[in-house]
2 protein chains.
Amino acid sequence: MSKPSVPQGTRDFSPVEVRKRQYIFNTLRTIFELYGFQPLETPAMENLVTLTGKYGEEGDRLIFKILNNGLNAQTDEYKAKMNDEWSKILTKNYSTPVITERALRYDLTIPFARYVVMHQNDLAFPFRRYQMQPVWRADRPQKGRYREFWQCDADVVGSTSLINEAELLCIYQGAFHQLQVPVTNKVNSRKMLAALAEICGMPELMMDITIALDKLDKIGWIGVAKELQERGISEEGIWKIEQVINVTGDNNAKLAAYADIMQHSATGIEGINEVSKTLAFYNNLADGNWQGKIEVDISLARGLNYYTGVIVEVVCSSDKVKMGSIGGGGRYDDLTGLFGKPGLSGVGVSFGIDRIYDVMEELAVWPEQLATGANVIILNFGGENEIYGLQVLRQLRDAGVAAEIYPDVAKFDKQMKYANKRGITYVILPGDEEREKGLVSLKNFSTGEQKMISVAECIEVVG
Amino acid sequence: MSKPSVPQGTRDFSPVEVRKRQYIFNTLRTIFELYGFQPLETPAMENLVTLTGKYGEEGDRLIFKILNNGLNAQTDEYKAKMNDEWSKILTKNYSTPVITERALRYDLTIPFARYVVMHQNDLAFPFRRYQMQPVWRADRPQKGRYREFWQCDADVVGSTSLINEAELLCIYQGAFHQLQVPVTNKVNSRKMLAALAEICGMPELMMDITIALDKLDKIGWIGVAKELQERGISEEGIWKIEQVINVTGDNNAKLAAYADIMQHSATGIEGINEVSKTLAFYNNLADGNWQGKIEVDISLARGLNYYTGVIVEVVCSSDKVKMGSIGGGGRYDDLTGLFGKPGLSGVGVSFGIDRIYDVMEELAVWPEQLATGANVIILNFGGENEIYGLQVLRQLRDAGVAAEIYPDVAKFDKQMKYANKRGITYVILPGDEEREKGLVSLKNFSTGEQKMISVAECIEVVG
């Protein structure tokens, strides 16, 4: 028998990992609910036709497809048909419906759009939903990149108001404040990027400029300028972009400088206006206690093509942590148009759960009580004392104290070893004297202190 | 464009459904933690080799298999190999590694066993874990049977103590007490069923007797007797079984009568002892407030072959609900032997989440606050009052009140229609007077009452 294992790129989550992840999920859930967002869950499987063609050619290749069941038909006709389909699969990277009609969820956005279209008559618009579920991608696994990973999205569809953008910035700031992760929220607008291409006289090269600018953090301005040149931007264009990049100051100063540079671009002015309006709404909505920073950053690009307005990104601002974006999002138009309902504008943000987890590990900002489950164990020496132990256990649990009993009558050492391995702080020893007096001997594992007290006192100490 | 849909047998969960389901999950999670059980999560995908052969021939057929990616190799050699594999698939119901090496989780038990074996050196035994995750089966969908459904299991491995059985009974009783679902817990032992076959002189027909007895509820004793005859049980055997079935009285009376009938079967006496010991432990552990009943029932069979000791089942005892088992479990030996670690005894129970949900719907026992999310909305009339609305909103949320603003400046009727469709009780109207005075006008949708009050008073009312 070979050693059992899990598929490459997937993970088991141990008790302590589940508790930490639940802490993140619960924190986000509480914030989403505070902001009037509603939970949604969609099936792990979608019809293949729902997913295909939505994520580009590369995306299509990375979708996990599910083999149809019942491939054991024995007729010659069926076999011939199957062989025909099979040869198609061999000649193209193409899965036919005979082989597979279903696939695993690749993100939460497309299932959300599908849901909105299916339920458009029942939903109250603007519809605000959050969704926290795993997605699957047949990517090559590597450090920090998994084939099964969790996405956590909050979106509003059916409203063009920039209050939504401001609310989503608040959700980011509020959530990371709660999680004790210091962050900077970068904000930009796709329209400002488009204007950058316009003022270079090359509006058709907007994506090229975006892609090059996105690397500013990694390769610096000299590197970006070289790439811009390779991508066909004129020298004058590169000079204009450099002007924009070099703008410094606070957000208002930056926006004023951009407005000056982009004064002849209607698109640019529109982009500047939507960012400054978003910030104005944000300032009225934001809690004064949050420590996070909002920073206008014209080099922020966000890869996905479907963004059309304000875009945002969150990075951890602690010096202790080297990590890219831990969240991002933006406004998109017409997502539901893919499924036959055009004209719904949407805006959404995503939390990178696995990266947030890693950042919190590095910063060591988990609440203490997550470390273990039950923090008290009753040892078991059999006979009447075992029964007495059960009665004590019942009283602890009735008082809401998570507690356990060692179920088997075993040697003291074995039971203590178990308690130690589990990381349990308190041990209750139910002996004859304790039973006769109706008391318990409570031992604190970390201090070594032991005292004989009433169950009520015991609940005070361990509860 | 065809209408978008979800795959047959799968479901979207709407906001209100997610909240209700989360309520069940959270209630169970709290109880499991109170009993010292630890959370575990395993990947949706397992290696096919982990799952194959574990669920019988029928089970193997119902496993959802995942198509390997990268089936686009163009070499003749590869094509020839693939054709060869393909013909195997056509002639047998057999999926070869070239096509599929991974499959979707079919239950939570086998992944748990796999996890225990993989982590046996790190785990503290007895290991108590709970797990609440979806599983997938390619069953024919029908009312109440889905292809994606949630299991919720709690198991203890590495302990033979019957305290575990008693704790699991407490978990059932405590959980359903909390959920306000009245239940009866049926208890039996596989050993008593084996003894029944022994005293008929046909120990080899134990499974036949079990299967027939399992139908007692549905077809009555006449029907069961007929089936026993067809399955080859002698007339004398059937008469002896009838004697056992006809035993009435409370649990102690029943067990005493069984002990009398089975006095010559060592297995039977062992089974009776384990049930009565379990009940004795249970009585010391049980909370006096629970209303649920524990009932020894020798006709309880539980389908799965791997049970070897005490078996349990939960049914809803309300007259208002017609529903089969909403949970069940039992003791099994050597589950981890499948993966190379023999000799670990285990006992576990399962909660049928979908059925529990349906029962709670019928009984209408959901807590009131689940009905909606945010229960207050601030209307939006633009301009300075919009900004004032945001400032009020911030104060509500800072006080922990889930609240929203209508993001767009829209007609009064449209905003009220939205609030109504969302089922929101309170509406805040930020007008000029309110803004100037620093107050809010709060309208209760259900009573129609409207008053102008301070934000602090407003928080009191809606919080």
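Values in this document were obtained by computation on a predicted structure and should not be read as measured data. (Residues numbered from 1 in each chain as written. Chains lettered and ligands numbered in written order. Predicted model: local features only at pLDDT ≥ 70, side-chain atom pairs only at ≥ 80, totals over all residues. Heavy atoms only, no water.)

Engineer: Help me understand the interface of chain B and chain A in this model?
Structural biologist: Put simply, an interface is often sized by how much accessible area is lost when its parts join up. With 112 residues of chain B at the contact, the number on the chain A side is 113 residues. A combined buried area of about 9600 Å² lies between chain B and chain A, and 57% of that area is made up of carbon and sulfur atoms. There are 8 salt bridges connecting chain B and chain A. The closest approach of N and O atoms between R19 of chain A and E33 of chain B, which form a salt bridge, is 3.1 Å. (Contact = heavy atoms within 4.5 Å. Buried area = accessible area lost by both parts, 1.4 Å probe. Salt bridge = Lys/Arg side-chain N within 4 Å of Asp/Glu carboxyl O.)

Engineer: Looking at this model, I keep getting lost on the pairing of strand β8 (residues 293–296) of chain A. Mind explaining?
Structural biologist: Each regular strand displays side chains that alternate between the two surfaces of the sheet. All names here are of chain A. Burial along β8 is one-sided: I294 and V296 are buried, and none of K293 and E295, which face the opposite way, are. Summarising the sheet, strand β7 (residues 183–189) and β8 pair through 4 bridges and their orientation is parallel. In the strand pairing of β8, T184 is matched with K293. (Buried < 20%, exposed > 50% of the residue type's maximum accessible area, 1.4 Å probe, protein only. Helix = DSSP H or I, 4+ residues; strand = E, 2+ residues; numbered from the N terminus. Pairing = 2+ DSSP bridges.)

Engineer: Just to check I follow, could you spell out the side chain of K186 of chain A for this structure?
Structural biologist: Residue and element names in this part refer to chain A. Residue placement: K186 occurs in strand β7. Here K186 falls in the buried class, since its relative accessible area comes to 12%. In this structure K186 touches D217, E295, D297, L300, I311, V312, E313 and V315, once residues within four positions along its chain are discounted.

Engineer: Help me out: how do you make sense of the nonpolar core in this one?
Structural biologist: Side chains of nonpolar character tend, in soluble globular proteins, to be buried together. Counting residues in hydrophobic clusters, the biggest one holds 130 residues, and the most contacted among them are L396 of chain A together with F32, F176, V181, L196, I241 and F351 of chain B. Setting aside residues up to four positions removed in sequence, L196 of chain B forms contacts with I209, L213, I241, V244, M262 and I298 of chain B. A195, L300, Y307 and L344 of chain A belong to the second-largest nonpolar core, a separate cluster that totals 129 residues. (Core = buried A, V, L, I, M, F, W, Y, C linked by side-chain atoms within 4.5 Å.)

Engineer: Mind showing me how you'd approach the pattern of salt bridges here?
Structural biologist: Any two side chains of opposite charge can pair, so long as their charged atoms come close to each other. Residues and elements named next belong to chain B. The tally for this structure, following the rule as stated, stands at 56 salt bridges over all chains. Between R114 and E46 there is a salt bridge, with the nearest N and O atoms lying 2.8 Å from each other. Within this pair, whereas R114 is found in helix α5 (residues 109–118), its partner E46 is found in strand β2 (residues 45–47), the two being separated by 68 residues in sequence. Given the relative accessible area of 0%, R114 is considered buried. When the shortest N-O distance is used, the salt bridge between E230 and K226 registers 3.7 Å. Here E230 and its partner K226 are both found in helix α9 (residues 216–230), 4 residues apart, which amounts to about one turn of the helix.

Engineer: Would you explain the relation of the copies chain B and chain A in this entry?
Structural biologist: One copy of the chain maps onto the other through a rotation about an axis followed by a shift along the same axis. With an RMSD of 0.1 Å, the fit of chain B onto chain A corresponds to turning through 180° and sliding 0.0 Å along the axis. Those values place the two copies in the arrangement expected of a two-fold rotation axis. When C-alpha distances to the rotation axis are compared across chain B, the minimum falls at I66 of chain B, with a value of 2.2 Å. Counting the interface residues of chain B, we find that 100% of their copies in chain A are interface residues as well, pointing to one common contact surface. (Least-squares fit on C-alpha atoms with pLDDT ≥ 70 in both.)

Engineer: In this structure, what is going on with the sheet that holds strand β1 (residues 38–39) of chain A? I would like to understand it.
Structural biologist: What links the strands of a sheet is backbone hydrogen bonding, and the strands pair in either a parallel or an antiparallel sense. Residues and elements named next belong to chain A. The strand order across the open sheet built from 8 strands is β1-β5-β6-β11-β10-β9-β7-β8, with neighbouring strands paired in mixed fashion. Of all strands in the sheet, those with a lone pairing partner are β1 and β8, marking the two edges. By the bridge criterion, 6 bridges tie strand β9 (residues 307–316) to strand β10 (residues 325–333) in an arrangement that is antiparallel. If you follow I311 over to β10, its bridge partner there is G330. Across the sheet, helix α5 (residues 109–118) touches β5 (127–136), β6 (148–157) and β10, and the angle it forms with β5 is around 135°. In this fold helix α12 (residues 266–285) packs onto β7, β8 and β9, with an angle of close to 145° to the strand it touches most, β7. (Axes fitted to C-alpha atoms, helices over the stretch in contact; angles between N-to-C directions.)

Engineer: So what exactly am I meant to see when it comes to the packing of aromatic side chains here?
Structural biologist: The description of an aromatic ring pair rests on the distance of the ring centres and on the angle between the ring planes. All names here are of chain A. Scanning the entire structure with this criterion turns up 30 aromatic pairs over all chains. Their ring planes at 70° and their centres at 5.9 Å tell us that F32 and F351 sit as a pair that is edge-to-face. With a gap of 319 residues between them, F32 in helix α1 (residues 15–34) and F351 in strand β11 (residues 345–352) connect regions that are remote in the sequence. Among the residues examined, F32 registers a relative accessible area of 0% and is labelled buried. For F351, a relative accessible area of 1% translates into the label buried. (Phe/Tyr/Trp six-rings, centres within 6.5 Å; stacked < 30°, edge-to-face > 60°.)

Engineer: How do you make sense of the sheet that holds strand β6 (residues 148–157) of chain B when you look at a structure like this?
Structural biologist: All names here are of chain B. The mixed open sheet is built from 8 strands, whose spatial order is β1-β5-β6-β11-β10-β9-β7-β8. Only two strands of the sheet have a single neighbouring strand rather than two, namely β1 (38–39) and β8 (293–296). In this sheet, strand β5 (residues 127–136) lies alongside β1 in parallel orientation, the contact comprising 2 bridges. From the neighbouring strand, Q38 faces β5, where its bridge partner is R129. Contacts between α5 and the sheet are confined to β5, β6 and β10 (325–333), with β5 contributing the most and set at about 135° to the helix.

Engineer: I tried to follow the packing of helix α8 (residues 206–213) of chain B against α9 of chain B on my own but got confused; where do I start?
Structural biologist: When two helices pack together, their arrangement is given by the angle between the helix axes and by the axis-to-axis distance. Residues and elements named next belong to chain B. Contact geometry for α8 and α9: axes closest at 8 Å, N-to-C directions at 140°. It follows from the interaxial angle that α8 and α9 lie oblique. Residues I209, I211, A212 and L213 of α8 form the contact with α9, whose own contacting residues are L216, V224, E227 and L228. Tallied by class, residues from the contact of α8 with α9 come to 7 nonpolar, no polar and 1 charged. (Parallel < 35°, antiparallel > 145°, perpendicular 65-115°, else oblique. Nonpolar A, V, L, I, M, F, W, Y, C, P; charged D, E, K, R; others polar.)

Engineer: Would you explain the packing of helix α7 (residues 190–199) of chain B against helix α12 (residues 266–285) of chain B in this entry?
Structural biologist: Residues and elements named next belong to chain B. In the contact formed by α7 and α12, the axes pass within 7 Å of each other and the chain directions differ by 155°. The pairing of α7 with α12 is recorded here as roughly antiparallel in orientation. With respect to the hand of their crossing, α7 and α12 are arranged in left-handed fashion. Contacts between α7 and α12 involve K191, M192, A194, A195 and E198 from the first element and T267, G268, E270, G271, I272, E274 and V275 from the second. Classifying every residue of the contact of α7 with α12 by side-chain character gives 5 nonpolar, 3 polar and 4 charged. (Left-handed = near helix turned anticlockwise from the far one by under 90°.)

Engineer: Any chance you could explain the domain arrangement of chain A here in plain terms?
Structural biologist: Looking at chain A, the domain boundaries give domain 1 (15–64 + 106–363) and domain 2 (376–462). The straight-line distance from the C-alpha centre of domain 1 of chain A to that of domain 2 of chain A is 52 Å. (Domains from an automatic or database assignment.)

Engineer: What exactly am I supposed to notice about the side chain of S325 of chain A here?
Structural biologist: Examined against the element boundaries, S325 of chain A turns out to sit in strand β10. Polar contacts involving the side chain of S325 of chain A include one to the main-chain carbonyl oxygen of G327 of chain A, which spans 3.2 Å. (Polar contact = N/O pair within 3.5 Å; in protein donor to acceptor, adjacent residues only side chain to side chain.)

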